[in-house]
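# Observations on chain architecture
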Amino acid sequence: QHISTAGTEASGTSNMKFAMNGCLIIGTMDGANVEIAEEIGEGNMFIFGHRADAVPGLRREREYFNVPEGFYKIIDQIRSGAFGWEDFFHPVCDAVCGGADYYLLANDFESYLEAQRRVDEAYADQARWNKMSILSVAGSGKFSSDRTIREYAEDIWDVKPCKRPMTKSNAPPKHFGEAEKM
(Lines give C-alpha, C1' and ligand atoms only; values in the text may rest on other atoms or scores of the structure.)
Protein backbone atom coordinates (compact mmCIF):
# COMPACT_ATOMS: atom_id res chain seq x y z
CA GLN A 1 0.00 0.00 0.00
CA HIS A 2 1.25 3.40 -0.95
CA ILE A 3 -1.46 5.83 -0.09
CA SER A 4 -1.61 9.53 -0.74
CA THR A 5 -4.49 11.95 -0.99
CA ALA A 6 -5.29 12.58 -4.63
CA GLY A 7 -3.34 15.63 -5.74
CA THR A 8 -0.48 15.10 -3.25
CA GLU A 9 1.46 12.38 -5.04
CA ALA A 10 3.72 10.46 -2.72
CA SER A 11 3.99 7.09 -4.37
CA GLY A 12 5.22 7.48 -7.92
CA THR A 13 8.23 5.36 -8.70
CA SER A 14 7.64 2.98 -5.80
CA ASN A 15 4.24 1.97 -7.18
CA MET A 16 5.76 1.56 -10.63
CA LYS A 17 8.32 -0.84 -9.14
CA PHE A 18 5.54 -2.65 -7.30
CA ALA A 19 3.57 -3.10 -10.53
CA MET A 20 6.65 -4.29 -12.43
CA ASN A 21 7.18 -6.96 -9.77
CA GLY A 22 3.60 -8.22 -9.77
CA CYS A 23 2.44 -6.50 -6.61
CA LEU A 24 -1.17 -5.40 -6.62
CA ILE A 25 -1.61 -1.75 -5.70
CA ILE A 26 -4.15 -0.39 -3.28
CA GLY A 27 -4.15 3.36 -3.50
CA THR A 28 -5.77 6.58 -4.54
CA MET A 29 -6.01 7.68 -8.16
CA ASP A 30 -3.06 10.00 -7.87
CA GLY A 31 0.15 10.69 -9.76
CA ALA A 32 1.78 7.51 -10.98
CA ASN A 33 -1.32 5.45 -10.16
CA VAL A 34 -3.10 7.29 -12.98
CA GLU A 35 -0.36 6.22 -15.41
CA ILE A 36 -0.22 2.69 -13.99
CA ALA A 37 -4.00 2.29 -14.37
CA GLU A 38 -3.72 3.38 -18.02
CA GLU A 39 -1.13 0.66 -18.65
CA ILE A 40 -2.28 -2.31 -16.56
CA GLY A 41 -5.98 -1.48 -16.28
CA GLU A 42 -7.74 -0.03 -13.24
CA GLY A 43 -9.38 -3.43 -12.76
CA ASN A 44 -5.97 -4.80 -11.80
CA MET A 45 -5.60 -2.29 -8.97
CA PHE A 46 -7.61 -1.50 -5.87
CA ILE A 47 -8.41 2.20 -6.21
CA PHE A 48 -10.25 4.09 -3.50
CA GLY A 49 -10.93 7.64 -2.41
CA HIS A 50 -11.78 10.91 -4.03
CA ARG A 51 -10.22 12.13 -7.25
CA ALA A 52 -7.87 15.13 -7.29
CA ASP A 53 -10.47 17.49 -8.80
CA ALA A 54 -12.74 16.98 -5.74
CA VAL A 55 -10.04 17.66 -3.12
CA PRO A 56 -10.15 21.50 -3.00
CA GLY A 57 -13.92 21.50 -2.42
CA LEU A 58 -13.67 18.76 0.20
CA ARG A 59 -11.04 20.77 2.07
CA ARG A 60 -13.27 23.86 2.07
CA GLU A 61 -16.15 21.81 3.46
CA ARG A 62 -14.00 19.74 5.85
CA GLU A 63 -15.24 21.28 9.08
CA TYR A 64 -18.81 20.28 8.17
CA PHE A 65 -17.95 16.71 7.15
CA ASN A 66 -19.74 13.98 9.11
CA VAL A 67 -16.81 11.76 10.08
CA PRO A 68 -17.59 8.02 10.05
CA GLU A 69 -17.83 6.58 13.56
CA GLY A 70 -15.39 3.81 12.69
CA PHE A 71 -12.71 6.38 11.87
CA TYR A 72 -12.77 7.77 15.41
CA LYS A 73 -12.75 4.25 16.85
CA ILE A 74 -9.46 3.61 15.04
CA ILE A 75 -8.06 6.97 16.18
CA ASP A 76 -9.01 6.12 19.78
CA GLN A 77 -7.23 2.76 19.49
CA ILE A 78 -4.10 4.47 18.18
CA ARG A 79 -4.24 7.09 20.97
CA SER A 80 -4.63 4.35 23.60
CA GLY A 81 -1.45 2.61 22.45
CA ALA A 82 -3.18 -0.47 21.01
CA PHE A 83 -0.59 -0.49 18.20
CA GLY A 84 2.35 0.63 20.36
CA TRP A 85 4.14 3.93 20.69
CA GLU A 86 1.16 5.73 22.21
CA ASP A 87 2.89 9.12 22.69
CA PHE A 88 4.58 8.99 19.30
CA PHE A 89 1.28 8.90 17.39
CA HIS A 90 -0.57 11.63 19.33
CA PRO A 91 0.50 14.39 16.92
CA VAL A 92 -0.64 12.28 13.97
CA CYS A 93 -4.02 11.69 15.62
CA ASP A 94 -4.37 15.40 16.37
CA ALA A 95 -3.57 16.23 12.74
CA VAL A 96 -6.45 14.15 11.37
CA CYS A 97 -9.20 14.95 13.87
CA GLY A 98 -11.78 17.68 13.61
CA GLY A 99 -11.43 20.17 10.78
CA ALA A 100 -7.65 19.72 10.72
CA ASP A 101 -7.66 16.67 8.43
CA TYR A 102 -5.77 18.30 5.53
CA TYR A 103 -5.16 14.94 3.82
CA LEU A 104 -8.85 14.01 4.06
CA LEU A 105 -8.20 10.62 5.66
CA ALA A 106 -11.66 10.53 7.20
CA ASN A 107 -13.24 11.42 3.84
CA ASP A 108 -11.57 8.43 2.18
CA PHE A 109 -11.92 6.07 5.16
CA GLU A 110 -15.04 4.15 4.10
CA SER A 111 -13.82 3.90 0.52
CA TYR A 112 -10.51 2.52 1.84
CA LEU A 113 -12.35 -0.14 3.87
CA GLU A 114 -14.31 -1.11 0.75
CA ALA A 115 -11.05 -1.40 -1.21
CA GLN A 116 -9.65 -3.66 1.51
CA ARG A 117 -12.76 -5.83 1.20
CA ARG A 118 -12.09 -6.09 -2.55
CA VAL A 119 -8.48 -7.06 -1.82
CA ASP A 120 -9.64 -9.86 0.50
CA GLU A 121 -12.15 -11.06 -2.10
CA ALA A 122 -9.55 -11.11 -4.88
CA TYR A 123 -6.94 -12.84 -2.71
CA ALA A 124 -9.43 -15.60 -1.83
CA ASP A 125 -9.62 -16.40 -5.56
CA GLN A 126 -5.99 -17.33 -6.25
CA ALA A 127 -6.51 -17.72 -10.00
CA ARG A 128 -7.91 -14.19 -10.18
CA TRP A 129 -5.14 -12.81 -7.94
CA ASN A 130 -2.44 -14.47 -10.05
CA LYS A 131 -4.00 -13.19 -13.28
CA MET A 132 -4.10 -9.64 -11.89
CA SER A 133 -0.47 -9.95 -10.82
CA ILE A 134 0.64 -11.26 -14.22
CA LEU A 135 -1.29 -8.50 -16.03
CA SER A 136 0.37 -5.97 -13.75
CA VAL A 137 3.83 -7.19 -14.78
CA ALA A 138 2.88 -7.55 -18.46
CA GLY A 139 1.47 -4.03 -18.65
CA SER A 140 4.25 -2.23 -16.84
CA GLY A 141 6.88 -2.15 -19.60
CA LYS A 142 6.33 1.59 -20.06
CA PHE A 143 7.97 2.16 -16.68
CA SER A 144 11.41 0.91 -17.71
CA SER A 145 14.30 3.12 -16.67
CA ASP A 146 15.53 3.27 -20.30
CA ARG A 147 12.33 4.95 -21.50
CA THR A 148 12.18 7.24 -18.49
CA ILE A 149 15.77 8.43 -18.86
CA ARG A 150 15.28 8.94 -22.62
CA GLU A 151 12.14 11.05 -22.01
CA TYR A 152 13.81 13.09 -19.25
CA ALA A 153 16.79 13.68 -21.54
CA GLU A 154 14.59 14.86 -24.41
CA ASP A 155 11.77 16.66 -22.59
CA ILE A 156 13.32 18.02 -19.40
CA TRP A 157 17.10 18.16 -19.66
CA ASP A 158 17.18 18.90 -23.43
CA VAL A 159 20.21 16.71 -23.98
CA LYS A 160 20.95 14.52 -26.97
CA PRO A 161 22.35 11.01 -26.78
CA CYS A 162 25.91 10.53 -27.88
CA LYS A 163 27.54 7.39 -29.19
CA ARG A 164 30.02 5.69 -26.95
CA PRO A 165 33.40 5.60 -28.69
CA MET A 166 34.58 2.09 -29.50
CA THR A 167 37.91 0.94 -28.16
CA LYS A 168 39.53 -2.47 -28.16
CA SER A 169 38.30 -3.08 -24.63
CA ASN A 170 34.60 -2.43 -25.32
CA ALA A 171 34.25 -3.45 -28.98
CA PRO A 172 32.17 -6.53 -29.75
CA PRO A 173 34.09 -9.60 -30.95
CA LYS A 174 34.59 -9.84 -34.70
CA HIS A 175 32.30 -12.86 -34.93
CA PHE A 176 29.56 -11.12 -32.94
CA GLY A 177 26.29 -11.55 -34.81
CA GLU A 178 27.73 -13.87 -37.45
CA ALA A 179 26.73 -17.50 -37.69
CA GLU A 180 29.39 -19.93 -36.47
CA LYS A 181 31.31 -21.50 -39.34
CA MET A 182 31.43 -25.24 -39.35
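Throughout this document, residue positions are counted from 1 along each chain, in the order its sequence is written. Side-chain atom pairs in this predicted model are given and counted only at pLDDT of 80 or more, local residue features only at pLDDT of at least 70, and totals for whole chains, interfaces and linings cover all residues. Based on all heavy atoms of the structure, the side-chain values leave hydrogens and waters out of the count.

### Re the confidence of the model for the protein
Operational definition: The predictor rates its confidence in each residue with pLDDT, a number between 0 and 100. Runs of E in the DSSP output that reach at least two residues are strands. Runs of H or I that reach at least four are helices, and both are numbered from the N terminus.
Considering every residue of the protein, the mean pLDDT works out to 87; 94% of them sit at 70 or more. Averaged over each element, pLDDT in the protein is lowest for helix 1 (residues 12–20) (85) and highest for helix 7 (residues 126–138) (97).

### Section: helix 8 (residues 145–156)
Helical periodicity: at 3.6 residues per turn, an α-helix aligns residues three or four positions apart in one direction. We apply this condition: Here a helix's expected span is defined as the number of its residues, less one, multiplied by 1.5 Å.
Across its 12 residues, helix 8 extends 15 Å between first and last C-alpha, which sits within 8% of the 16 Å expected from 1.5 Å per residue. After helix 8 finishes, the residue Asp158 shows a positive phi value of roughly 55 degrees.

### Re the packing of helix 1 against helix 2 (residues 32–40)
This is how the line gets drawn: Orientation is described by lines fitted to C-alpha atoms, with helices fitted over the stretch in contact, and by angles between N-to-C directions that extend from 0 to 180 degrees. Throughout this description, any angle smaller than 35 degrees is read as roughly parallel, any larger than 145 degrees as roughly antiparallel, any in the 65 to 115 degree range as roughly perpendicular, and the remainder as oblique. Only heavy atoms matter for contacts: two residues are in contact if any of them lie within 4.5 Å across the pair. Throughout, the ten residues Ala, Val, Leu, Ile, Met, Phe, Trp, Tyr, Cys and Pro are labelled nonpolar, Asp, Glu, Lys and Arg are labelled charged, and all others, Gly among them, are labelled polar.
One way to put it is that helix 1 packs onto helix 2 with a least axis distance of 8 Å and a crossing angle of 25 degrees. Classed by the angle they form, the pair helix 1 and helix 2 counts as roughly parallel. Contacts from Gly12, Asn15, Met16 and Ala19 in helix 1 reach Ala32, Asn33, Glu35 and Ile36 in helix 2. For the contact of helix 1 with helix 2, the residue count by class is four nonpolar, three polar and one charged.

### Topic: the environment of Asn130
Mapped onto the elements, Asn130 comes out in helix 7. Each C-alpha atom of the pair Asn130 and Glu38 lies 20 Å from the other, and the pair is 92 residues apart in sequence.

### Section: the nonpolar core
This is how the line gets drawn: Nonpolar cores are built from buried Ala, Val, Leu, Ile, Met, Phe, Trp, Tyr and Cys residues. Side-chain atoms within 4.5 Å join them into one set. We call a residue buried when its accessible area falls under 20% of the maximum for its residue type, exposed when it is over 50%, and partly exposed in between, using a 1.4 Å probe and counting protein chains only.
The biggest cluster of nonpolar side chains holds 11 residues, and these are Met16, Ala19, Ile25, Met29, Ala32, Ile36, Ala37, Ile40, Met45, Ile47 and Phe143. If one sorts the elements of this core by residue count, helix 2 sits on top with four residues. Among the nonpolar cores identified, the runner-up in size contains nine residues, and Ile26, Phe46, Trp129 and Met132 belong to it.

### Re the packing of aromatic side chains
Definition in use: Two rings belonging to Phe, Tyr or Trp (six-membered ring only in the last case) form a pair when the distance between their centres is within 6.5 Å. Interplanar angles under 30 degrees mark stacking, angles over 60 mark edge-to-face geometry, and anything in between is tilted.
All chains considered together, the criterion is met by 10 aromatic pairs. The interplanar angle of 25 degrees and the centroid separation of 6.2 Å between the aromatic rings of Phe46 and Trp129 together place this pair among those described as stacked. Remark: Trp129 occurs in helix 7 and Phe46 occurs in strand 2 (residues 46–48); sequence separation between them is 83 residues. This pair shows no difference in class: Phe46 is buried, exactly as Trp129 is. On the basis of an interplanar angle of 75 degrees and a centroid distance of 5.4 Å, the ring pair of Phe71 and Phe109 is categorised as edge-to-face. Taken together, the residues Phe71 in helix 4 (residues 69–79) and Phe109 in helix 6 (residues 105–124) connect sequence positions 38 residues apart. Classification of Phe71 by relative accessible area gives buried; the value is 5%. By relative accessible area, Phe109 is classed as buried at 14%.

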